[in-house]
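Single-letter residue listing:
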Amino acid sequence: MLAHLSTPRPGSSRFFSAVFSSLPSKLLPRFSPASFCPRRTLLSPDDQLRSILGREPRKRFSRAVSMDSSSATDASLSVESVTDNLRNQSLGENKVRLRLEDLNWDNSFVRELPGDSRTDTIPRQVLHACYTKVSPSAEVENPQLVAWSESVAELLDLDSKEFERPDFPLIFSGASPLVGGLPYAQCYGGHQFGMWAGQLGDGRAITLGELLNSRGERWELQLKGSGKTPYSRFADGLAVLRSSIREFLCSEAMQSLGIPTTRALCLVTTGKYVTRDMFYDGNPKEEPGAIVCRVAQSFLRFGSYQIHASRGKEDLDIIRVLADFTIRHHFPHIDKMSKSESLSFQTGEEGSSVVDLTSNKYAAWAVEVAERTASLVARWQGVGFTHGVLNTDNMSVLGLTIDYGPFGFLDAFDPSYTPNTTDLPGRRYCFANQPDIGLWNVAQFAATLSAANLINEEEANYAMERYGTKFMDEYQSIMTRKLGLPKYNKQLISKLLNNMAVDKVDYTNFFRLLSNIKADPNIPEDQLPVPLKSVLLDIGHERKEAWISWVKIYIQELSASGIPDEQRKAAMNSVNPKFILRNYLCQSAIDLAEQGDFEEVCRLLKVMERPYDEQPGMEKYARLPPAWAYRPGVCMLSCSS
């Protein structure tokens, strides 16, 4: 059984209460109040991590180069490390370009962790194991390469000419083996919509293996939709082109937005059809099959540890083995902590308890996982991204966005927006709830480590406390920079979000246009909203007055800052994207791809690689959604893929 902690409940608006407190109650989801209360801490998140590592931020990994200026200069070391690792790598004149046969494989997961004694794909409970050795088995017929990512190829030291190989689609559809790989499917469990679901696992994803690039970075290659595994339950282990295009494009779009994410090397069609009931309404249809090659430093999830805690004392040792493996390969700085650093924190009422992170590496690890998760969710909120299925099996221990299903970016600002039809009517995973759900999931992860006696209750509560502090620090920093302000202004931002919700203002386009406001207090009142007129649609006199009032206060803040308009505009445009992967853009590319035309997929990929640039000639990709975009299957999707 999982250890019992005083875990917070989702929807308490604990974190967003600081922002959404002025929103009408009908705009917010309804959940029970939470019992979790953040406690006092002694160091800031950045100072804490700097103390753990004994060094300044951005030095843990070498040669990482930012694609754009959107990265937060004050982001924590842990999240910057992940983001930088996932950014395109610049190797100068000494780029390593390898053929597929020459990749440097190092399959540590299979080598160092307990595995299933069986290799068949019969659906079953896989006990006392972290994985099952299985090979891709999806049927293919003349597979075709749809799209690929040059930047991911660089991460792997893969020569881009390899995409031109005649056998490339065969290899990345799983029909031909990848030399040096050691394929397996991972075992994990998870809470789905708040309920323990038992064993889940890689039901249609098969890891081809792990490789080390020339910079010593570990990357895992995984084929999603490549056939049955013991974890497929009653499903077919396949994927359709529709969902595969969405995952491929969003993986790369999030990377370019500066948000930690799994990546996608390529997308291929299988040449076969797959039957899917898209709306779960008893009307299945055949759709083109596809496989996407996902890439990450690890696909370990919260549920990878939970499954072993759920199976009682016999499997608790596996949690320790898996935790040691994770720290050794993905958090090596924690192994190198020195007790002489005396990294202790007072927690509890009046500082009644002390947590010493240098004396327990698992506690230090839990804190870093919590902070990475908090920073990730804060960045989602900053760009208006809603994951849609924040089950614990979809939460990466590296703080990556993982498992792109029925996701969606906000169009009209609506805190209760959920892109997942399965999430209706409860809206557990809606946009406004994501911060609280992140905390709830961290609590389940902490409970798992507690069940294995790796951390005590005080350490578990401290990890949750750090989540709350880190989220608020990062979210406030993000919103401050989105508005071009010198410091956080809670009242101004709360009023803005209230206005946006009432008038259903487009989230992305509003913040992009906001940089056009001039810090001139002498502008006539009736001219104040003019720079925003293309997003303030169909508003009456009363609402116009509300916006004039807000803009006046905003201009006063800008004038007091003394920052020149053009300087502020450049800074704001570096954090407020012009282009996001709206669902209707995905659907347009999908419709053409299903007819055999892949050009729009590739074109959309190129646009999303530069979301903060103006990109003259590409304005149509920044337009508001057309009327057809609100039909079922476009603005909202099911988990059927």
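As the structure is a prediction and not an experimental result, all values here were calculated from the model.

Enquirer: Even after reading the chapter, I still don't get the overall build of the protein chain, so can you show me in this structure?
Expert: For the protein chain, the helix and strand inventory stands at 19 helices and 13 strands. In the protein chain, buried positions account for 61% of the 641 residues. In the protein chain, once contacts between residues fewer than 6 apart in sequence are set aside, the share between residues at least 24 apart is 75%.

Enquirer: How should the side chain of glutamine 444 be read in this particular structure?
Expert: Inspection of the secondary structure puts glutamine 444 in helix H12 (residues 434–451). In this structure glutamine 444 comes out as buried when scored by relative accessible area, which is 8%. A polar side-chain atom of glutamine 444 sits 3.1 Å from the main-chain carbonyl oxygen of tryptophan 440.

Enquirer: Looking at this structure, I do not really get the confidence of the model for the protein chain. What am I missing?
Expert: Reading predicted coordinates in detail is not appropriate for stretches of low pLDDT. Looking at the protein chain, pLDDT values average 87 and 82% of them are 70 or higher. Within the model, pLDDT remains below 50 along residues 1–15, and this stretch shows 60 contacts once partners closer than five positions in the same chain are excluded. Scored below 50 in pLDDT, residues 86–92 shows 34 contacts in the model against residues more than four places distant or in partner chains.

Enquirer: I tried to follow the side chain of threonine 326 on my own but got confused; where do I start?
Expert: By the secondary structure assignment, threonine 326 is in helix H9 (residues 313–330). You can call threonine 326 buried: its relative accessible area is 0%. When neighbours within four sequence positions are excluded, threonine 326 is seen to be in contact with Leu300, Tyr305, Phe331, Trp365 and Val397.

Enquirer: Help me out: how do you make sense of the packing of helix H7 (residues 241–257) against helix H19 (residues 599–608) in this one?
Expert: Packed helices, taken two at a time, are described by the angle their axes make and the gap between the axes. With their axes 9 Å apart at the nearest point, H7 and H19 run at an angle of 20° to one another. With respect to H19, the axis of H7 lies roughly parallel. Note on packing geometry: the crossing formed by H7 with H19 is right-handed. For the pair H7 and H19, contact is made by Ile245, Phe248, Leu249, Glu252, Ala253 and Ser256 and by Val601, Leu604, Leu605 and Met608, respectively. Looking at side-chain class alone, the contact of H7 with H19 contains eight nonpolar, one polar and one charged residues.

Enquirer: Would you take a moment to explain the packing of aromatic side chains for this structure?
Expert: We describe a pair of aromatic rings using the distance from one ring centre to the other and the angle between the two ring planes. For the structure shown, the criterion picks out 28 aromatic pairs. Counting every residue linked through ring pairs, the aromatic cluster contains Phe413, Phe431, Tyr507, Phe510, Phe511, Trp547, Trp550 and Tyr554. Looking at arginine 246, its charged tip hangs above the ring of phenylalanine 407, at a distance of 4.0 Å from the centre. The residue whose ring lies beneath arginine 428 is tryptophan 440, and the NZ or CZ to ring-centre distance is 4.8 Å.

Enquirer: Mind showing me how you'd approach the pattern of salt bridges here?
Expert: When charged atoms on two side chains of opposite charge get close, those side chains can pair. In the structure shown here, the tally under the stated rule is 41 salt bridges. In this structure, the salt-bridge partner of aspartate 403 is arginine 294, at a minimum N-O distance of 2.8 Å. You can see aspartate 403 sitting in the loop between strand S12 (385–386) and strand S13 (408–409) and its partner arginine 294 sitting in strand S9 (residues 285–296), a full 109 residues away along the chain. In terms of burial, aspartate 403 and arginine 294 fall into one category: buried. Beyond isolated ion pairs, a larger network of salt bridges with shared partners links Arg99, Glu101, Asp102, Glu162, Arg165 and Asp167.

Enquirer: Whenever I open this one, the pairing of strand S8 (residues 263–276) confuses me. Can you help?
Expert: Residues in a regular strand project their side chains so that they alternate between the two faces of the sheet. For S8, the tally of buried residues reaches 10 of 14 residues, placing the bulk of the element in the interior. Where S8 meets S9, 10 bridges bridge the pair, whose relative direction is antiparallel. Within S9, the position partnered with valine 268 by the bridge is isoleucine 291.

Enquirer: Which parts of the structure should I look at to understand the sheet that holds S8?
Expert: Strand pairing in a sheet relies on backbone hydrogen bonds, with the paired strands running either antiparallel or parallel. Sheet architecture is open: five strands sit in the order S2-S8-S9-S7-S6, paired in antiparallel fashion. Sheet topology places strand S2 (144–148) and strand S6 (205–212) at the edges, where each strand pairs with a single neighbour. The sheet shows a mean angle of 20° between the axes of neighbouring strands, taken without regard to direction. Of the strand pairs in this sheet, S6 and strand S7 (residues 218–224) are connected by seven bridges, and their pairing is antiparallel. Its bridge partner lying in S7, glycine 209 is registered against leucine 221.

Conventions used here
What you see as residue numbers is a count from 1 along each chain, following the sequence as written. Per-residue local features of the predicted model are confined to residues with pLDDT of at least 70, and side-chain atom pairs are confined, for both listing and counting, to 80 or more; whole-chain, interface and lining totals are unaffected and use all residues. Just so you know, side-chain values use all the structure's heavy atoms and leave hydrogens and water out. We count a stretch as a helix when DSSP gives it H or I for four or more residues in a row; a strand needs E for two or more, and each element gets its number in order from the N terminus. Whether a residue is buried, partly exposed or exposed follows from its accessible area with a 1.4 Å probe, protein chains only, as a fraction of its type maximum: under 20%, in between, or over 50%, in that order. Contacts: residue pairs with any heavy atoms within 4.5 Å of one another. What qualifies as a polar contact is a pair of N or O atoms within 3.5 Å, subject to a donor-acceptor requirement within protein and to the restriction that residues adjacent in sequence count only when both atoms come from side chains. The predictor reports its confidence for every residue as pLDDT, a score running from 0 up to 100. Note on method: axes are straight lines fitted to C-alpha atoms, helices fitted across the in-contact stretch only, with angles between N-to-C directions ranging 0 to 180 degrees. Working rule for angles: under 35 degrees goes down as roughly parallel, over 145 as roughly antiparallel, 65 to 115 as roughly perpendicular, anything else as oblique. Each crossing gets its handedness from the near helix: less than a right angle anticlockwise from the far helix is left-handed, clockwise is right-handed. Lys, Arg, Asp and Glu make up the charged group, whereas Ala, Val, Leu, Ile, Met, Phe, Trp, Tyr, Cys and Pro make up the nonpolar group; the residues left over, Gly among them, are polar. Under the pairing criterion, centres of Phe, Tyr and Trp rings, with the six-membered ring standing for Trp, must be within 6.5 Å; the plane angle then separates stacked pairs below 30 degrees from edge-to-face pairs above 60, leaving the rest tilted. A positively charged side chain is recorded as over a ring if its NZ (Lys) or CZ (Arg) lies within 6 Å of the ring centre. The angle to the ring normal must also be within 35 degrees. Whenever Lys or Arg places a side-chain nitrogen within 4 Å of a carboxyl oxygen from Asp or Glu, that contact is recorded as a salt bridge. Following DSSP output, two strands are said to pair if at least two bridges run between them.

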